[in-house]
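# Architecture and fold: a report
Each chain, letter by letter, is given below.
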Amino acid sequence: MTINEHIAHFAGLPVVAFDPQTAPEHAGAPVAWRLHVDDDQPDDAFAQLVTTWLDTVDPASVQALVVGDWGNAWDRAFPAQVLVDAAPRLTNLRAVFLGEMTFDECEISWILQPDITPLLAAYPALEVLRVRGAMSLELQAVQHAGLRELAIESGGLPASITRAIVASDLPNCAHLELWLGTEDYGRDTGVDDLAPILDGTRLPALRTLGLRNAEIADAVAAALATAAVVPRLDTVDLSLGTLGDDGATTLLDGQPLTHLRRLDLHRHYLSDEMMARLPAAWPGVDVDVTDQQEEDEHRGRYVAVGE
């Protein structure tokens, strides 16, 4: 699997690519604006685009922003200060997606991201933050009462990011989604780093937990089988990774999961027998076991999104 399509909706709003000529057609309409510059543009092209955008639309009407390529995203990190400086004008911004790029534009493990701590500080009312790419990504422990949804998509998630999330005070974060990835692309997050989330001592409002795209999916499943946080979740997402029968067996032998609304295991390495057993074990739960994979003769199991 590669990420080869742009999203059509973000934060419940249709995504509209910003064009100064057509932007007035969407005046007053609730949309998620997408900003993008090509790789052959000057270093300050994205900053100039933001200035044009803010001068064209009503900044106070902007609810959601999708940032595509800021120009050579593989060579320079996202210029977060541009959005920090715009905060006094973007008074109703509630959702941001940084790095919404396809595989052809920039592979996920090549996207250079900044320290996103100043961005969170500049937008205390931000409710949704999604980041694609963890190369050079930094985060300090923060206190942020506004954030409801945090997602980090990566081919390999550094433990420093996981530990910063765990150390943060996010009292209203109901949705946490971490793409753990592989060691080959920078993952050193382990199950131990997730312990304060799994034992329920952090993120008191958490209802959806996604530990996706994980080469350690079996170990994650084993931890979830006894995790104290599970009874207060309504959705668990272990999709896109290397989950096999061993991990699935620990889920079957672990604590009851019948309270869940959804258990997403799609894109897995389960046997046919296990694919039948899991939905039968938890009637009433939406158990997704689609997209069965076969182990590669040379690579074995591998995650959906790496490079």
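Described below are features of the structure shown in this document.

Criteria and thresholds
- Note that residues are indexed from 1 along each chain, following the sequence as it is written.
- Local features are withheld for residues below a pLDDT of 70 in this predicted model, meaning they are given only at 70 or higher, and side-chain atom pairs are given and counted only at 80 or more; totals for whole chains, interfaces and linings count all residues.
- Hydrogens are left out, water is left out, and the side-chain values use all remaining heavy atoms of the structure.
- To pair, rings of Phe, Tyr and Trp, with the six-membered ring standing in for Trp, must have centres within 6.5 Å; the planes then decide the type, stacked if under 30 degrees apart, edge-to-face if over 60, and tilted in the middle.
- Working definition: helices are DSSP H or I runs of at least four residues, strands are E runs of at least two. Numbering for both runs from the N terminus.
- Note on classification: 1.4 Å probe, protein chains only; a residue is buried when its accessible area is under 20% of the maximum for its type, exposed when over 50%, partly exposed between these limits.
- Any Lys NZ or Arg CZ that is within 6 Å of a ring centre and within 35 degrees of that ring's normal is treated as a charge sitting over the ring.
- Two strands are said to pair when DSSP picks up at least two bridges between them.
- Assignment of crossover handedness uses the view with strands pointing away from the viewer, where a clockwise path from the first strand over the helix to the second indicates a right-handed crossover.

A separate point is the packing of aromatic side chains. Tallied over the entire structure, the rule returns four aromatic pairs. Relative to phenylalanine 78, the ring of phenylalanine 46 has its centre 5.5 Å away and its plane inclined at 75°; by these criteria the two rings are edge-to-face. With phenylalanine 46 in helix H1 (residues 45-56) and phenylalanine 78 in the loop between strand E4 (64-70) and helix H2 (80-86), this residue pair connects regions lying 32 residues apart in the sequence. Each member of the pair, phenylalanine 46 as well as phenylalanine 78, is classed as buried. Centroid distance tryptophan 70 to phenylalanine 78: 5.1 Å. Interplanar angle 65°. Geometry classified as edge-to-face. Phenylalanine 78 shares its class with tryptophan 70; the two are buried. The positively charged end of arginine 299 is found above the aromatic ring belonging to tyrosine 302, 3.8 Å away from the centroid.

Next up on the list: the pairing of strand E3 (residues 32-37). With five of six residues buried, E3 lies mostly within the body of the structure. Relative to E3, strand E2 (residues 13-17) runs parallel, the two sharing three bridges. Directly across from alanine 17, in E3, lies its bridge partner arginine 34. Handedness of the crossover joining E3 and E4 through H1: right-handed.

Scope: geometric values only; no functional claims are made or implied.
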